[in-house]
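If you want the building blocks of each chain, they are given just below.
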Amino acid sequence: MHGETTTLKRSLGLWQLILLGLGFMTPMVVFDTFGIASEETGGHVPASYVIALVALLFTAGSYAFMIKAFPNAGSAYTYTQKSFHPNLGFMVGWLALMDYMFLPMVNALIAQIYMTSWFPNAPSWIFVVIFVALVTAINLLSVKGTANMNSYLVLFQIGMVIVFVGISVWGLLHGKGTGSLWYPDAFVSGDIETSTLISGATLLCFSYLGFDAVAGFAEETDNPTRTIPRALFLTALVGGLLFIIASYFAQALFPNVSDFNDPEASTPEMAIYLGGVVFKAIFLTAGFAGTIASAISSQASVSRLMYAMGRDRMLPTRWFRHLSPRTRTPIFNTLFVGVVSLTAVFFSLDTATSFINFGALTAFTFVNLSVIAHYVVRRRMVRSAKEVLSYLIIPIIGAASMIVLWVNLDRHSIYLGISWAAVGFVCLIFSTKGFRILPADLNLSGTSRIDESV
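All figures in this text were calculated on a predicted structure; none of them were measured in a lab.

Attention shifts here to the overall build of the chain. Helix and strand counts for the chain come out as 16 helices and 0 strands. A globule of 454 residues ought to have a C-alpha radius of gyration of about 22 Å, and the chain, at 22 Å, matches this closely. Seen through its C-alpha atoms, the chain measures out along the principal axes to roughly 65 × 55 × 40 Å. Looking at the chain as a whole, 58% of its 454 residues are labelled buried. The long-range share in the chain, meaning contacts at least 24 apart out of those at least 6 apart in sequence, stands at 83%. Split by element, the accessible area of the chain, about 17,900 Å² in all, is 67% carbon and sulfur. If the 25 positive side-chain charges of the chain are averaged to one point and the 23 negative ones to another, these points end up 17 Å apart.

Let us now look at the environment of Q157. If you trace the backbone, Q157 turns up in helix α8 (residues 143-173). In sequence terms Q157 and T235 are 78 residues apart; their C-alpha atoms lie 15 Å from each other. If we skip the residues at most four places from it in the chain, Q157 touches T26, P27, M28, A286, A289, G290 and A293.

Turning next to the environment of Y77. Its place among the elements puts Y77 in helix α5 (residues 76-83). Taking the C-alpha atoms as reference points, Y77 and P123, separated by 46 residues in sequence, lie 39 Å from one another. Once residues lying within four places of it in the same chain are set aside, the contact partners of Y77 are G89, F90, V92, G93, L305, A308, M309, D312 and M314. Reaching out from Y77, the side chain makes a polar contact with the side chain of Q81 at a distance of 2.8 Å.

What follows deals with the side chain of H44. Turning to its location among the elements, H44 is positioned in the loop between α3 (34-41) and α4 (45-69). Of note is the side chain of H44, whose polar atom sits 3.2 Å from the backbone oxygen of G42. Sequence-distant contacts of H44, defined by excluding residues within four places in its chain, comprise D185, A186, F187, V188, S189, D191, I192, L197 and Q251.

In this section: unusual backbone geometry. Most peptide bonds adopt trans geometry, and most residues besides glycine take a negative phi value. Positive phi outside glycine occurs at K433, with the angle close to 50 degrees. Backbone geometry places F435, a non-glycine residue, at a positive phi of 65 degrees. You can see F435 is positioned in the segment after α16 (411-431). On the basis of relative accessibility, which here comes to 39%, the residue F435 falls in the partly exposed class.

Viewed as axis vectors pointing N to C, α4 and helix α9 (residues 194-208) meet at an angle of 65 degrees, and their least axial separation amounts to 8 Å. Here α4 lies roughly perpendicular to α9, going by the angle between them. In this structure, α4 meets α9 at a crossing whose hand is right-handed. In this structure, α4 uses V45, A47, S48, Y49, I51, A52, L53 and L56 to contact α9, whose residues at the interface are L197, G200, A201, L204, S207 and Y208.

Cut-offs and rules
- Residues numbered from 1 in each chain as written.
- Predicted model: local features only at pLDDT ≥ 70, side-chain atom pairs only at ≥ 80, totals over all residues.
- Heavy atoms only, no water.
- Helix = DSSP H or I, 4+ residues; strand = E, 2+ residues; numbered from the N terminus.
- Rg over C-alpha atoms; globule rule 2.2 N^0.38 Å.
- Buried < 20%, exposed > 50% of the residue type's maximum accessible area, 1.4 Å probe, protein only.
- Contact = heavy atoms within 4.5 Å.
- Areas by Shrake-Rupley, 256 points an atom, 1.4 Å probe, with all protein chains shown as cover.
- Lys, Arg positive; Asp, Glu negative; His and termini not counted.
- Charge placed at Lys NZ, Arg CZ, Asp CG, Glu CD.
- Polar contact = N/O pair within 3.5 Å; in protein donor to acceptor, adjacent residues only side chain to side chain.
- Axes fitted to C-alpha atoms, helices over the stretch in contact; angles between N-to-C directions.
- Parallel < 35°, antiparallel > 145°, perpendicular 65-115°, else oblique.
- Left-handed = near helix turned anticlockwise from the far one by under 90°.

Next comes the structure, spelled out in structure tokens:
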């Protein structure tokens, strides 16, 4: 096929990457999850956001080290494959696929909820079809066109978060909520329990998913070994600050979860309380824009992961490594993800979201372990205090943090994740003919096979 000789095009800059990551994370999700997070944390949502951010910053450091070693598409899949073994890399990539593949479905389901509230008499499935078709069409553009469209949607969300904070300040100064801008109980109070905060951080880790998606665009980024590490940290920091600040003011306005009629639908209640019906309409529009931005970013990311796995013959090569000669994007992968996303009409939101954290936390854990395997075990880079800190201590803390969050997942997530892993293991047995062969395309030397052209 002609697409097999086509390479990904380098056209993304630092802020386009950051906005792609933020689009994946969805800044407005802080309001969608606030009610249930407040219930889970006993009214300490900002504190759990801080814990989750600190844990993920260590993993962001490990991503930065690995992208310098392997500036390829594929992210956690590529790092594990190169640092450990191709078969283990496949399993990590397979579990990451579960995360990335189901996030567009989650966004389609959230969009369906929004649209059904506006048009209750219309069949709900039609909103899933329209939403998926729109997102897929945007992702069939060049990666720069996709990034630009995503940027507008993310900036709209950030603007709405800023507006929320401004109105919250006015409301608190006029006696709403706690009636004070100073509310330290949102972070620390006498009845706070560490286990509760960690459980809340596990729940809110879902909000941070996406900062790692930046690494998947390495082959479409100018100077990736410099730009990607900066983008990773800035995406996590900017997203984390947005979540912490927004949740702080939300907590001050709604100090008790009993303030909500329905904690699972906290967004419209907060909007009505602060600004009435008009503000609610604008606020929900920003939330809808968030689902589109997240779906665009997640579909683009999983398409690149599948491209990397197809290039290494871990997935059927004929289709999954194909790039459009015109846009230089993996169009078949994009269409495939779109078709899979349509199955959202058969899933509930709870079922779809339960798939996501298992795969993401597993991938994060192996990124940390890959740093140790590559730099310490293979390259013996522990000759100075800086190397010990960078390549041993930071990834150990990162891996330990991810494991703590992982073991706090709910049972449904673990059972579904194990089932998905079992399917992947069977696929691996067939693709390697019972582990007797390795994929022919693997470049185990670690040298890059990417195009430097723009």
